[in-house]
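Architecture at a glance
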Amino acid sequence: MTTPILAVRNLAVEFDTFGGVVNAVRDVSFDLHAGQTLAIVGESGCGKSVTVQSLMGLIPTPPGRITKGSARFMDQDLVTTGAQGVRGVHMGMIFQDPMTSLNPTMRIGDQVAETLVVHKQYTRKQAQEAAVSLLARTHIPEPRRRAQQYPFEFSGGMLQRAMIAQALACEPAILIADEPTTALDVTIQAQILELMQSLQKENGMSIILITHDLAVVARMADQVAVMYAGEIVETGSVTDVFYHPAHPYNLGLQQAMPSNRHPDRVLEPIPGSPPDLFSPPTGCGYCARCPHAMTICDSHPPEMSPIDIASTHEARCWLHHELAPSENNPVRPSS
Amino acid sequence: MIRYTAKRILSGIVTIWFITTATFLAMHAVPGDPLMNDKAVSEEIRRNLEARYGLDKPLSKQYVIFISNMLKGDFGISFTQQNRRVNDIIREHFPVSAILGILAVVIAALGGMLWGALTALYRNRLPDITIMFLVILGISVPGFVFAATGQLALVHLNAMVGTTVLPVAGWGTFTHMLMPALVLGLGTMALLTRLMRTSMIDVMGEDYIRTAHAKGLSAQRIFLRHQLRNAILPVVTVLGPQIAAITTGGFVVEYVFAIPGLGRYFVQAVQQLDYTVIMGTTVFYGAFLVLMVILVDILYGLIDPRVRLST
Amino acid sequence: MSEQSHKFTQLDFAPLDHREDHESIARPSLSYWQDAWRRLKQNTRAIISMYILIALALFTMAGPLLWQVDASRQDLNQTSQAPGFVRQALIVPAYKRWAAPVDQAIPKYGDLLPEELASAQGLTAAEPPNTQTVRLIWEPVPGAGGYSIYRNTRPPTSMQDLGLPLSSVDTGNKHGYEDRLNLKAEEYFYSVVATDGFDEAAVFSTLQLRPQLAITHKDALERDLSNNPQPGDEVSLAFHPLGTDYLGRDMLARLMEGARVSLFIGVLAPLAFVIFGVAYGGFAGYVGGSIDNILMRFADFVVALPFLLFMILFKIAFGIGPGESGIIPMLVALVLLSWPATARLVRGQVLQIREQGYIDAARLMGASNHYLIARHILPNTMGVVLVTLTFAVPMAIFTEAFLSFIGMGVAPPTPSWGSMCNAGVKTMLAHPHELILPAVLISITVLAFNLFGDGLTEALDARMRGRE
């Protein structure tokens, strides 16, 4: 395959809190290829937002800090050089709640134009014109009038469009979308996703999509990374991850999701809750909730191992070990 | 914005009516006849006053007379100063108080925002800790102590330098105003600093600041264009009540620094139980403060588009 | 991975028995108030403030038992005395007139011009100086027609800096002066300038001395300072650890009595208006509808009254009566003007709580209104009310101090911290302790209440819960 546009290796982030150090992200690695969409899925608190925010240099330091790892993007390591020269220009970002993510006392047009004034040295007037056409590109009706309005005069969906316009102003190579549709109505969600896809087709950017909505993943992503307790536990193409789950957690997720093919199936919740990241477990993070846990899972952390040499499918589970029992092994493809 | 302003003005007028009525009732709750308590009132003034306020008439009639006088802007005649009109007293002494007050409000507001922003920027570091310690002191020390200490400091400063750097008391030039305005503004400045700090820290945690970082803006630009304006909003809302605090605080400062303002006059009137002056100045101050609150509300509307543009 | 795998055996891959602990809660559960108290204890500033407040309460209540000095007793030998240890005083006989020496050999009126006059030689005290009298003598200046005598508290540097002009002697042969003007046991610099009878010479001579604290024989007997006082003896004067005020009243005793007044108003008034506010706001919020509307509209008007102006107005309105010290009118005025803030707050809380699910749940289970208010609504507003109360105390103390300072507060001779400050400001240049002591006490009290209130707010703030 071609060299990835963004290559993250062994990233780890911790936070100092009143109760002690939280290991929010422990050893995360992934590749993002040009023009592709990588979805990072996982439940709340699994570290998916922290991962991308640390790439953008948005982790407040202190209390947070990146303790190890690297992130190669355009011949530089974002971890060591910082993201100041990259963000806004080569990497744009949109957030979960568009209602609070825009400055309430600044006109929408000015907020979109600001990026251009700062990074491309546009004059105020040029930037305003560009902002209007960006708003038009994100399908905001009457963009010229809307540009003069304030965020409180916009609906949530319109605000998310404005956010996208703002993030794409400098035509970045990567768009990071941190739960972009979670706060929106279902119909609006679809429109926003469609907009992102069409814009991706237009200018060939890559997207990192953070979400906990598997339907969104199925619709948008090329590659998927499943995160649990600060680690990526499984990664691969959408087909691999959805149709050949290689990690019990992913399997649990699939079983907890309604399906068209088995409409009568009873949904099975995953019992328990994620481990306390104040003191990460010594073994596998999922061990305590895993119905297939083995003695080793409690004492030794599993490592990422390829499932299929031919594809990018990898998982972090002892069940793939050669010594693991093959009968009743839910993740062994053949048995 | 027009509807917003009109609504403020309307409620202001009703408030002024309420203040006037409360003043009237309070003064008529004084046991006995206020005119009888002071034997110094001459027969002539007494007759004059009785006719003027209709003191022989029933309370409701007196109220009507009182209100109509107030509506005409006629506050009556001083008890203790023969035939001096309260209006003249206000006209003569209020400008002094107003200048002092405005200067104090400006010092307090600018200082408060500046220190507050500074403490937020240097959060939990030495400048923050130092300023916040001073702020706690500023909030806990009564205004008259500032006034007295300020004067004491001037006395020692002048003695040390050997000439009059700043005059210790009196009124006239800008140098006279500096220390009184400063000590008058200190308490409010402390309060605003604290508020500004909290507000700045709150804004720092807002999502749109994270967005601004994600847009790759410099720290300065984020501070100036995004943080400051949003942080000032809550500070502006308390400016109205704080102007009231500074106005009444002026009584003490004028008294200590021997400044011929209306506040000192009011304190004097209170000590001499000069009822008409007390009533007149109370209503006048009340109306003035209501006006200030309306102005602050309008100012707030101008800063916050959510208020300005909503109907 | 593959190298590692050799260390593992089949046993490692045996199914794991799931223990029961994956749902266990790591941290102990605490009730709201337990949690608040735990949080408060962690706040050093709040805890220090709490100790200060306890100390203040002891100072006010137990203090007068330990320091049984009458706060209104005037010790005229020690007026405006700075804080310090026990003072020794010399017992002197009753004052006898002293005639300044006159040298008859010298003409009464000199013939030299002012600029030709020399400075006085041999300026000295005729007898050991004490605070009853300082007697100065000097050698007559040839050709002088008189002398001016000055007194300063620091060494004079020039003719313009001689200090207080005490007197002028208008004959050149009278070469002594007796100073009895408000003498203190402090360092004095006496300067003598010769004159031609009207105008002063350009030179002066200075004597530095420190009068000894003296008390007359009669006073010493009256004040019970000694059983058998003899002139020339030293006796210990009444002890005033924090000094005295301008009338010689013991500052410590006055501060204690003033604390009683200030804290009485400062604690009782907030308590009264907070209780009233809770009742008013709670009622309005619970009843709701148009009654709520009318009640709150009225509260809004009361809020709009300029607070201190109306304090003064009400104080005048209620305060005229014989033998009235002014404490009760101030209390009434404070309550009348301050309740709306609490009422608003409690109403808001009640409105919010009323909509909560647990209220509906309780109602469905047949809880009466009475029960709902007592069991659910009031306890849930208590946190906010407590915080309001802590912040209302400094406000009330400030108000008392302000009113007393402008002479509208507690009537003398009852001391309050504010009225003590008012008296202290008048003498602050010469005797700063009379202002500083009550001012510091006000500040410390208010500071302690503010910091404690801050701590309480943080401790009770529900948003902070679970953040750790």
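From a predicted model like this one, the values you see are computed outputs, not experimental measurements.

Parameters at a glance
- Residues numbered from 1 in each chain as written.
- Chains lettered and ligands numbered in written order.
- Predicted model: local features only at pLDDT ≥ 70, side-chain atom pairs only at ≥ 80, totals over all residues.
- Heavy atoms only, no water.
- Contact = heavy atoms within 4.5 Å.
- Buried area = accessible area lost by both parts, 1.4 Å probe.
- Salt bridge = Lys/Arg side-chain N within 4 Å of Asp/Glu carboxyl O.
- Polar contact = N/O pair within 3.5 Å; in protein donor to acceptor, adjacent residues only side chain to side chain.
- Helix = DSSP H or I, 4+ residues; strand = E, 2+ residues; numbered from the N terminus.
- Buried < 20%, exposed > 50% of the residue type's maximum accessible area, 1.4 Å probe, protein only.
- 1 Å grid on protein atoms, 1.4 Å probe; cavity = no way out; pocket = protein on both sides within 12 Å on 5 of 7 lines; lining within 4 Å.
- Points joined across faces, edges and corners; volume = space filled by probe spheres on them.
- Nonpolar A, V, L, I, M, F, W, Y, C, P; charged D, E, K, R; others polar.
- Domains from an automatic or database assignment.
- UniProt positions renumbered as here; feature names shortened; annotations may be inferred.
- Pairing = 2+ DSSP bridges.
- Axes fitted to C-alpha atoms, helices over the stretch in contact; angles between N-to-C directions.
- Left-handed = near helix turned anticlockwise from the far one by under 90°.
- Parallel < 35°, antiparallel > 145°, perpendicular 65-115°, else oblique.
- Phe/Tyr/Trp six-rings, centres within 6.5 Å; stacked < 30°, edge-to-face > 60°.
- Lys NZ or Arg CZ within 6 Å of the ring centre and 35° of its normal.
- Core = buried A, V, L, I, M, F, W, Y, C linked by side-chain atoms within 4.5 Å.

Between chain B and chain C, the contact holds 39 residues from the first and 37 residues from the second. Here chain B packs against chain C, burying approximately 3,400 Å² in sum over the two surfaces, 84% of which is carbon and sulfur. When the area that chain B buries against chain C is broken down by residue, the three leading residues are Phe18(B), Ser140(B) and Phe144(B), summing to 18%. At the junction of chain B with chain C, the criterion picks out 1 salt bridge. For Arg194(B), the salt bridge identified is with Asp454(C), shortest N-O distance 3.1 Å. Taken together, chain B and chain C are joined by 1 residue pair in polar contact (both at pLDDT 80 or more). Here the side of chain B that touches chain C gets 8 residues from one element, more than from any other, and that element is helix α1 (residues 2–28) of chain B.

Attention now moves to the side chain of Glu434(C). Residues and elements named next belong to chain C. Mapped onto the fold, Glu434 is located in helix α13 (residues 433–460). You can call Glu434 buried: its relative accessible area is 2%. For Glu434, the side chain forms a polar contact with the side chain of Thr427, separated by 3.2 Å. With residues near it in sequence (within four places) discarded, Glu434 still touches Ser80, Thr244, Asp245, Tyr246, Met251, Met420, Gly424 and Thr427.

Residue and element names in this part refer to chain C. Roughly 940 Å³ of volume is contained in the second largest pocket. If you trace the second largest pocket, you find 34 residues lining it, with Asn182, Leu183, Lys184, Ala185 and Tyr188 closest to the centre. Taken together, the residues that form the lining of the second largest pocket break down as 12 nonpolar, 14 polar and 8 charged. Here the lining of the second largest pocket gathers at least three residues from each of two domains, domain 1 (47–70 + 247–464) and domain 2 (91–215).

This paragraph deals with the UniProt feature "transmembrane region" (unreviewed entry) in chain B. All names here are of chain B. According to UniProt, the positions carrying the feature "transmembrane region" (unreviewed entry) are residues 9–30, 98–122, 129–148, 168–192, 231–257 and 277–303. With 76% helix and 0% strand, the stretch residues 168–192 has end C-alpha atoms that lie 27 Å from each other. Its end C-alpha atoms 35 Å apart, residues 231–257 is made of 93% helix and 0% strand.

What follows deals with the sheet that holds strand β2 (residues 20–32) of chain A. Residue and element names in this part refer to chain A. An order of β2-β1-β4-β5 is seen for the 4 strands of this open sheet, with the pairing classed as antiparallel. A single partner strand is all that each edge strand has here, and the edge strands are β2 and β5 (76–77). By the bridge criterion, 8 bridges tie strand β1 (residues 6–17) to strand β4 (residues 64–73) in an arrangement that is antiparallel. In the strand pairing of β4, Val13 is matched with Ile66. Strand contacts of helix α1 (residues 48–55): β1, β2 and β4, with the helix running at about 110 degrees to β1, the strand carrying the most contacts.

As a further point, take the packing of helix α5 (residues 86–121) of chain B against helix α8 (residues 174–204) of chain B. In the contact formed by α5(B) and α8(B), the axes pass within 5 Å of each other and the chain directions differ by 35 degrees. Where α5(B) crosses over α8(B), the handedness of that crossing is right-handed.

Moving on to the pattern of salt bridges. Going through the model one piece at a time under the given rule, you end up with 32 salt bridges over all chains. The partner of Glu114(A) in a salt bridge is Arg221(B), with the nearest N and O atoms 2.9 Å apart. Taken together, the residues span two chains, with Glu114(A) in helix α3 (residues 108–120) and Arg221(B) in helix α10 (residues 219–237). Linking Arg210(C) and Glu187(C) is a salt bridge whose minimum nitrogen-to-oxygen distance equals 3.1 Å. On the criterion of sequence distance, the pair formed by Arg210(C) in the loop between β8 (205–209) and β9 (214–216) and Glu187(C) in the loop between β6 (176–179) and β7 (188–195) is long-range, its members being 23 residues apart. For Glu187(C), a relative accessible area of 29% translates into the label partly exposed.

With that settled, the discussion passes to the pairing of β8(C). Where a strand is regular, its side chains alternate between the two sheet faces. Residues and elements named next belong to chain C. Only one face of β8 is covered, namely the one carrying Ser205, Leu207 and Leu209; the face carrying Thr206 and Gln208 has none of its residues buried. Looking at chain direction, β7 and β8 are connected through 5 bridges and run antiparallel. Its bridge partner lying in β8, Ser191 is registered against Thr206.

Residue and element names in this part refer to chain B. At a minimum axis separation of 9 Å, helix α12 (residues 262–272) and helix α13 (residues 275–303) run at an interaxial angle of 140 degrees. As judged from the angle between their axes, α12 and α13 are oblique. Crossing handedness for the pair α12 and α13: left-handed. In contact with Leu262, Gly263, Tyr265, Phe266, Ala269 and Val270 of α12, α13 contributes Val277, Ile278, Thr281, Thr282, Phe284 and Tyr285. Split by residue class, the contact of α12 with α13 holds 9 nonpolar, 3 polar and no charged.

Applying the stated rule across the entire model yields 25 aromatic pairs over all chains. For the ring pair Tyr249(A) and Tyr286(A), a centre distance of 5.3 Å and an interplane angle of 65 degrees mean the geometry is edge-to-face. Taken together, the residues span a long stretch of sequence, with Tyr249(A) in helix α10 (residues 248–255) and Tyr286(A) in the loop between α10 and α11 (295–299) at a distance of 37 residues. Both residues of the pair, Tyr249(A) and Tyr286(A), belong to the buried class. Consider the rings of Phe94(B) and Phe288(B), whose centres lie 5.1 Å apart with planes at 75 degrees: the pair is edge-to-face. Remark: Phe288(B) occurs in helix α13 and Phe94(B) occurs in helix α5; sequence separation between them is 194 residues. According to the relative accessible area criterion, Phe94(B) is buried, its value standing at 15%. We note Arg146(A) situated over the ring of Phe154(A); from NZ or CZ to the ring centre the distance is 4.6 Å. One cation-aromatic arrangement involves Arg151(C) over Tyr188(C); the distance from NZ or CZ to the ring centre is 4.5 Å.

Residue and element names in this part refer to chain A. Within the structure shown, the criterion is met by 5 cavities of 30 Å³ or more. Of the volumes computed, that of the second largest cavity is approximately 70 Å³. In terms of lining, the second largest cavity is formed by 13 residues, of which the most central are Pro248, Cys284, Cys290, Cys297 and Cys317. Looking at the lining of the second largest cavity, its residues break down into 11 nonpolar, 2 polar and no charged.

A few words now on the nonpolar core. Inside soluble globular proteins, nonpolar side chains tend to come together where they are buried. Core analysis: the largest hydrophobic core is formed by 165 residues, its most contacted members being Phe310(C) and Ile312(C). Contacts of Phe310(C), omitting those with residues within four sequence positions, involve Ile19(B), Ala22(B), Thr23(B), Thr282(B), Leu305(C), Lys315(C) and Leu337(C). Ranked by size, the runner-up nonpolar core spans 104 residues in total, among them Ala39(A), Ala147(A), Met220(A) and Cys290(A).

All right, on to the environment of Gly383(C) then. All names here are of chain C. As for its position among the elements, Gly383 is in helix α11 (residues 369–405). We classify Gly383 as buried; its relative accessible area is 5%. Along the backbone, Gly383 and Ala459 are 76 residues apart, and their C-alpha atoms lie at a distance of 9.5 Å. In contact with Gly383, other than residues within four places in its own chain, are Tyr32, Trp33 and Leu460.

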